[in-house]
Amino acid sequence: QVQLVESGGRWVQAGDSLRLSCAASGRTFSSNAMGWFRQAPGKERENVAAISATGRGTYYRDSVKGRFTISRDNAKNLVYLQMNSLKPEDTAVYYCAARRGNAYVASVPSSYAYWGQGTQVTVSS
């Protein structure tokens, strides 16, 4: 069983930067790919970024490429999402997710077995 706890979400203004963190429990953290998803009111949950178990492989949705960076520290069981040049359309609840027994990145929610409770990011114009 893996437990995930996100932190770092808050209200910011357009153009600001924010770093989200996800702390994971469990000894298998370094074996699993991780992802960040977001869900805005009335919209489906969408993948923002994903990172392979080793950190060498990453995925970003087009709308965040060049602005967001995903990284991980396997020694500390942490995953980060650095968000720069934030826009009002980035407003959402952001979720951390972990694959189970799979080291490769994936972009669909059904590929992830474990989820955090989410952290709210609000970007004001």
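For the structure itself, look to the data block above.
Residues numbered from 1 in each chain as written. Predicted model: local features only at pLDDT ≥ 70, side-chain atom pairs only at ≥ 80, totals over all residues. Heavy atoms only, no water.

Draft legend 1. Examining the overall build of the chain more closely. Helix and strand counts for the chain stand at 0 helices and 11 strands. Reading the chain from its N end, one meets helices and strands in the order β-β-β-β-β-β-β-β-β-β-β. Taking 2.2 N^0.38 as the reference for a compact globule, 125 residues should give roughly 14 Å; the C-alpha atoms of the chain span a radius of gyration of 13 Å, in line with that estimate. Taking the principal axes of its C-alpha atoms as reference, the chain extends roughly 40 × 25 × 25 Å. Here the chain holds 125 residues, and the buried ones make up 42% of them. Within the chain, counting contacts between residues at least 6 apart in sequence, those at least 24 apart form 58% of the total. About 6,500 Å² of surface is accessible on the chain, with carbon and sulfur atoms providing 44% of the total. (Helix = DSSP H or I, 4+ residues; strand = E, 2+ residues; numbered from the N terminus. Rg over C-alpha atoms; globule rule 2.2 N^0.38 Å. Buried < 20%, exposed > 50% of the residue type's maximum accessible area, 1.4 Å probe, protein only. Contact = heavy atoms within 4.5 Å. Areas by Shrake-Rupley, 256 points an atom, 1.4 Å probe, with all protein chains shown as cover.)

Draft legend 2. Focus on the pairing of strand β9 (residues 92-98). In terms of burial, β9 is largely enclosed, as 6 of its 7 residues are buried. As paired elements, strand β4 (residues 34-39) and β9 share 6 bridges and run antiparallel to each other. If you follow R38 over to β9, its bridge partner there is Y94. When β9 meets strand β11 (residues 119-124), the two strands line up antiparallel, connected through 3 bridges. Following the sheet pairing, Y94 is matched in β11 by T119. (Pairing = 2+ DSSP bridges.)

Draft legend 3. Region of the structure containing the sheet that holds strand β7 (residues 68-73). Ordered by their spatial adjacency, 4 strands build an open sheet running β1-β3-β8-β7, and the pairing between neighbours is antiparallel. Both edges of this open sheet fall to β1 (4-7) and β7, since each of them pairs with a single strand only. For this sheet, the mean inter-axis angle between neighbouring strands, taken without regard to orientation, is 15°. Summarising the sheet, strand β3 (residues 18-24) and strand β8 (residues 78-83) pair through 6 bridges and their orientation is antiparallel. What sits directly across from L20, in β8, is L81. (Axes fitted to C-alpha atoms, helices over the stretch in contact; angles between N-to-C directions.)

Draft legend 4. Fine view of the state of the cysteines. Overall, the coordinates contain 1 disulfide when judged by the stated rule. Here C22 engages in a disulfide with C96; their sulfurs sit 2.1 Å apart. Between C22 and C96, the disulfide has an S-S torsion of -80° and is therefore left-handed. Of this pair, C22 sits in strand β3 while C96 sits in strand β9, placing them 74 residues apart in sequence. (Disulfide = S-S within 2.5 Å.)

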